[in-house]
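Coordinates in review
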Amino acid sequence: TARLHPLPLLVGALFATYYHLLVAPAPSYYQSLFLSLGSNDTAAAHLRALTVRPHLAGTEANALAADHVVSTLSSLSFPTRVTPYEVLLSYPVGRSLSLSAPGRDATAFALVQDTYPGDPYAAASAEVVPTFLAYAASGSAAAEVVYANYGRREDYAYLASRGVNVTGKVALARYGKVYRGDIVKNARDAGAAAAVIFTDPKDYTPGKAFPDGPWMPPTGVQVGSTFKGVGDPTTPMWASSEGCERVSVAKAMSTHDMPGIPALPVSGRDGEEILRLVGGDVAPEDWQGGDGAPVYRLGPGPAVLNLTYTGNETIATIQNVISVIEGKEEPDRYVILGNHRDAWTFGAADPNSGTAALLELAQRLSKLQNKGWRPRRTIILCNWDAEEYGLIGSTEWVEENRAMLTSRTVAYLNVDVGVSGSGVDASATPQLDELLKQASKKVQNPDNGTESLYDLWMASDSSLIGRLGGGGSDYSAFVQHIGIPSVDMAIGSGLFYAFFICLCSLSYIPEMFCCLHLTDCEFF
Ligand SMILES: [Zn+2]
């Protein structure tokens, strides 16, 4: 029998699939209504409710934050449920770090982030998890310090070229160029016994520090995961559903995706104190710190760091919240919106500025529904858990529903840090580039009534649409496991690490969300 050449079929299918995405219909009554319903008050109220306590994945406080999301979505009459998973999380039990050198008494670092005088959240901040690196190996090391710049492979290659031996030493690296899991892995591969990562003020405090400005204060510490995989480490590539098979914790902790050595993060102030005692050759110019920093030298020693870390790797319950708005014409085709809820600390910017936007958006959709609107396709609102540990909640859900999602999902739209400053930042798989541009043209810049979000975006440093190649956020499983067209977007690219969030900008993201899935997907 004659066989059809597959290419025309593929082109036809793609065209049929994306025609509606690329050809924007004229704005309708419901579109205009949706865009007119913005309220910073409700978004701000959600943000406050979600961030009143630190809410790390697996904690009671994060379960309470989940309750807020569930009750909000349920009150809007959207069918909403919690999908729990049992997954491997990591918490600090014991940490210590002291610095010594020949002829100098050892001094112990407090490993505490200071609150500022008059901080109204000082009491609540006592609940913040101690500074740590999730999944770092429990153990101790006492050895001379080697300074490894950003901890990249090329940095260790440079150290080797200068004859600096890292074997058995404590590697001191700074955040900023590669994933912290790679910083620790590269230290281990170079033979280090332990790794310490500091936040260099040169990279993270370019202006006034909090509370006088938005930037990282001297005792601020970046906490995070060092797991290089995605999803529950005890169920690699399959779902952590009830009663499932799983690898042992010991085995999960000994894979190459885990750091395998003890490691701790420290503040800029502590990092500089260590570097003051590191001798050896002066490090190259691009390895140096900013104004007021000591001269950074390569080592090894004479500074000696004595580090101990004890972690608790434990199976804990996480909770995704899933809400469904059934489509009228194509109920079995899904447009999925996702944002995570868990945070290392309070999560005002990362991620709950995005959660507030998701709930604000749901409220607007509910108002439309009350006026008789139904979406063309089914909209699924997802509030993920344990993103910070390794995109765990979203990955487990995709793994559990892989076949259904692969065949039914039109697009996945992710917002992680919804707002952290001004400006627009967006990444997408290429099919959605044009849609993203069209949508942003329909949203007004709230700070300038005569221009669109598109105008603001094009005038910024981040006017190019990025690509979703790496991990980064909850789009990962959608893009890389099941090949779904996806978008990731944020307001405030330039201030990602800022402590402040600009509440007045909060209305941007719901509108971006809504334009993306309502306007050009012909929901109306
Ligand atoms: Zn996040």
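Looking at an unreviewed UniProt entry, one finds the chain named Peptidase M28 domain-containing protein, with Aegilops tauschii subsp. strangulata as its source organism.

1. Some points on helix H7 (residues 180-189)
Within H7, seven of the ten residues are buried, leaving the element largely enclosed by the surrounding structure. Each element contacted by the buried residues of H7 is listed here: strand E3 (133-134), helix H6 (153-161), strand E5 (170-174), strand E6 (194-198), strand E7 (224-225) and strand E8 (263-266). Gly191 sits one or two residues past H7 and shows a positive phi near 100°.

2. Quick look at the packing of helix H3 (residues 40-50) against helix H4 (residues 60-75)
Contact geometry for H3 and H4: axes closest at 9 Å, N-to-C directions at 145°. Taken together, the residues of H4 that come into contact with H3 (itself represented by His46, Ala49 and Leu50) are Ala65, His68, Val69 and Thr72. Split by residue class, the contact of H3 with H4 holds four nonpolar, three polar and no charged.

3. A word on the coordination of the zinc ion
For the zinc ion, every protein donor is listed as His340 (NE2), Asp350 (OD), Asp416 (OD) and Asp416 (OD), and the spread of their distances is 1.9 to 2.6 Å. Classification of the site at the zinc ion as irregular follows from its four donor atoms and the range of 54 to 141° in their angles at the metal. Expressed as a motif, the donor residue spacing for the zinc ion is H-x9-D-x65-D. In this pair, Asp350 sits in the loop between strand E10 (330-340) and helix H11 (352-370) while Asp416 sits in the loop between strand E12 (409-414) and strand E13 (424-428), placing the two residues 66 residues apart along the sequence. The class for Asp416 is buried, based on a relative accessible area of 10%.

4. Here's the deal with the nonpolar core
Among the nonpolar cores identified, the biggest contains 89 residues, and Leu89, Tyr135, Tyr389, Trp397 and Phe478 are the most heavily contacted of them. Per-element accounting of this core gives the leading share, eight residues, to strand E1 (residues 80-101). Looking at which domains feed residues into this core, each of domain 1 (7-79 + 326-523) and domain 2 (89-313) supplies at least three. In this structure, Ile325, Leu365, Val410 and Val424 belong to the second largest nonpolar core, which totals 42 residues.

5. Considering the side chain of Ser394
With respect to the helices, strands and loops of the structure, Ser394 is situated in helix H12 (residues 392-400). Look at Ser394 and you get buried, because its relative accessible area is 1%. In this structure the side chain of Ser394 is engaged in a polar contact, spanning 3.4 Å, whose partner is the backbone oxygen of Leu391. Among all residues touching Ser394, those that are not within four sequence positions of it are Asn320, Trp384, Asp474 and Ala477.

6. As for the packing of aromatic side chains
In the structure shown here, the tally under the stated rule is 17 aromatic pairs. The interplanar angle of 80° and the centroid separation of 5.3 Å between the aromatic rings of Tyr116 and Phe210 together place this pair among those described as edge-to-face. With Tyr116 in the loop between strand E2 (104-108) and helix H5 (122-125) and Phe210 in the loop between helix H8 (201-204) and E7, this pair connects stretches of sequence that are 94 residues apart. Summarising the aromatic geometry, the rings of Tyr147 and Tyr296 are spaced 5.3 Å apart at their centres and angled 75° between planes, so their arrangement reads as edge-to-face. Separated by 149 residues along the polypeptide, Tyr147 in strand E4 (residues 139-147) and Tyr296 in the loop between helix H10 (268-276) and strand E9 (304-325) bring together distant segments of the chain.

Parameters and conventions
- Residues numbered from 1 in each chain as written.
- Predicted model: local features only at pLDDT ≥ 70, side-chain atom pairs only at ≥ 80, totals over all residues.
- Heavy atoms only, no water.
- Buried < 20%, exposed > 50% of the residue type's maximum accessible area, 1.4 Å probe, protein only.
- Helix = DSSP H or I, 4+ residues; strand = E, 2+ residues; numbered from the N terminus.
- Contact = heavy atoms within 4.5 Å.
- Axes fitted to C-alpha atoms, helices over the stretch in contact; angles between N-to-C directions.
- Nonpolar A, V, L, I, M, F, W, Y, C, P; charged D, E, K, R; others polar.
- Donors = N, O, S within 2.8 Å, 3.2 Å for Na, K, Ca; no water.
- Tetrahedral: all angles 85-135°; square planar, octahedral: opposite > 155°, others 65-115°.
- Core = buried A, V, L, I, M, F, W, Y, C linked by side-chain atoms within 4.5 Å.
- Domains from an automatic or database assignment.
- Polar contact = N/O pair within 3.5 Å; in protein donor to acceptor, adjacent residues only side chain to side chain.
- Phe/Tyr/Trp six-rings, centres within 6.5 Å; stacked < 30°, edge-to-face > 60°.

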